[in-house]
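What follows is the residue order along each chain.
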Amino acid sequence: MKLARRDLGDQQAKGLAKRIKQLESADTLGDVFPPAPGKWHWLTGDRAGQAAGTIKDGLRLIIEPNNGEENPPRDATVVTVVEVSEHYEKRR
């Protein structure tokens, strides 16, 4: 988390650590979605199939479930971290 603190600041690094801990403690990806706390939501448009967890001050953790196309995304037990980015930042 040293890099996160350096690159994001203390508060955002703490928020990132919290979201990662939620993922690590969940049995499936569905366990982190409402009614569980954490502001996780599914993305749409060009990010359909990915999910985001709010970190702080517009920063979010973008993940993608790795469970095969035949299984519902909520049943995923493994995810890939795609990026940490500003919520409305345009991708380059």
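To start, this report covers the structure provided alongside it. Note that this is a predicted model, so its numbers are computed, not measured.

### Things to note about the sheet that holds strand S2 (residues 51–56)
Point 1. Spatially, the four strands line up as an open sheet ordered S1-S2-S3-S4, and their pairing is antiparallel. Two strands lie at the open edges of the sheet, namely strand S1 (40–42) and strand S4 (79–86), each paired on one side alone. Strand-to-strand twist in this sheet, taken as the mean axis angle between neighbours without regard to direction, amounts to 25 degrees.
Point 2. For strand S3 (residues 59–65) and S4, the ladder comprises seven bridges, and the chain directions are antiparallel. In the strand pairing of S4, Arg60 is matched with Ser85.
Point 3. Each of S1, S2, S3 and S4 touches helix H2 (residues 10–25); the most contacted strand, S2, lies at about 145 degrees to it.

### Examining the pairing of S3
Point 1. The buried count for S3 comes to six of seven residues, which makes it a mostly enclosed element.
Point 2. Where S2 meets S3, five bridges bridge the pair, whose relative direction is antiparallel. Directly across from Ala52, in S3, lies its bridge partner Ile62.
Point 3. From the end of S2 to the start of S3, which pair antiparallel, there are two residues, and Asp57 there has a positive phi angle of about 55 degrees.

### Structural notes on the packing of aromatic side chains
Point 1. Within this structure, the stated rule accounts for one aromatic pair.
Point 2. Residues Phe33 and Trp42 carry aromatic rings whose centres are separated by 4.7 Å and whose planes lie at 5 degrees to one another, so their mutual orientation is stacked.
Point 3. Looking at Phe33, the relative accessible area reads 3%, which means it is buried.
Point 4. The partly exposed category is assigned to Trp42, whose relative accessible area is 28%.

### Comments concerning the nonpolar core
Point 1. Residues Leu23, Leu29, Val32, Phe33, Trp40, Leu61 and Ile63 are the most contacted members of the largest nonpolar core, which totals 15 residues.
Point 2. Leaving out residues up to four positions away in the same chain, Leu61 has contacts with Leu16, Arg19, Ile20, Leu23, Trp40, Ala51, Ala52, Gly53, Ile55, Val81, Glu83 and Val84.

### Regarding unusual backbone geometry
Point 1. Here the phi dihedral of Asp57 falls at roughly 55 degrees; this positive angle occurs in a residue that is not glycine.
Point 2. As for its placement among the helices and strands, Asp57 is situated in the loop between S2 and S3.
Point 3. Classification of Asp57 as exposed rests on a relative accessible area of 57%.

### As for H2
Point 1. The end-to-end C-alpha separation of H2 is 22 Å, in line with the 22 Å expected for 16 residues at 1.5 Å each.
Point 2. Turning to H2, its buried residues are Gln12, Ala13, Gly15, Leu16, Arg19, Gln22 and Leu23.
Point 3. Along its buried surface, H2 packs onto helix H1 (2–8), S1, S2, S3 and S4.

The rules behind these values
- Residues numbered from 1 in each chain as written.
- Predicted model: local features only at pLDDT ≥ 70, side-chain atom pairs only at ≥ 80, totals over all residues.
- Heavy atoms only, no water.
- Pairing = 2+ DSSP bridges.
- Helix = DSSP H or I, 4+ residues; strand = E, 2+ residues; numbered from the N terminus.
- Axes fitted to C-alpha atoms, helices over the stretch in contact; angles between N-to-C directions.
- Contact = heavy atoms within 4.5 Å.
- Buried < 20%, exposed > 50% of the residue type's maximum accessible area, 1.4 Å probe, protein only.
- Phe/Tyr/Trp six-rings, centres within 6.5 Å; stacked < 30°, edge-to-face > 60°.
- Core = buried A, V, L, I, M, F, W, Y, C linked by side-chain atoms within 4.5 Å.
- Expected span 1.5 Å × (residues − 1).

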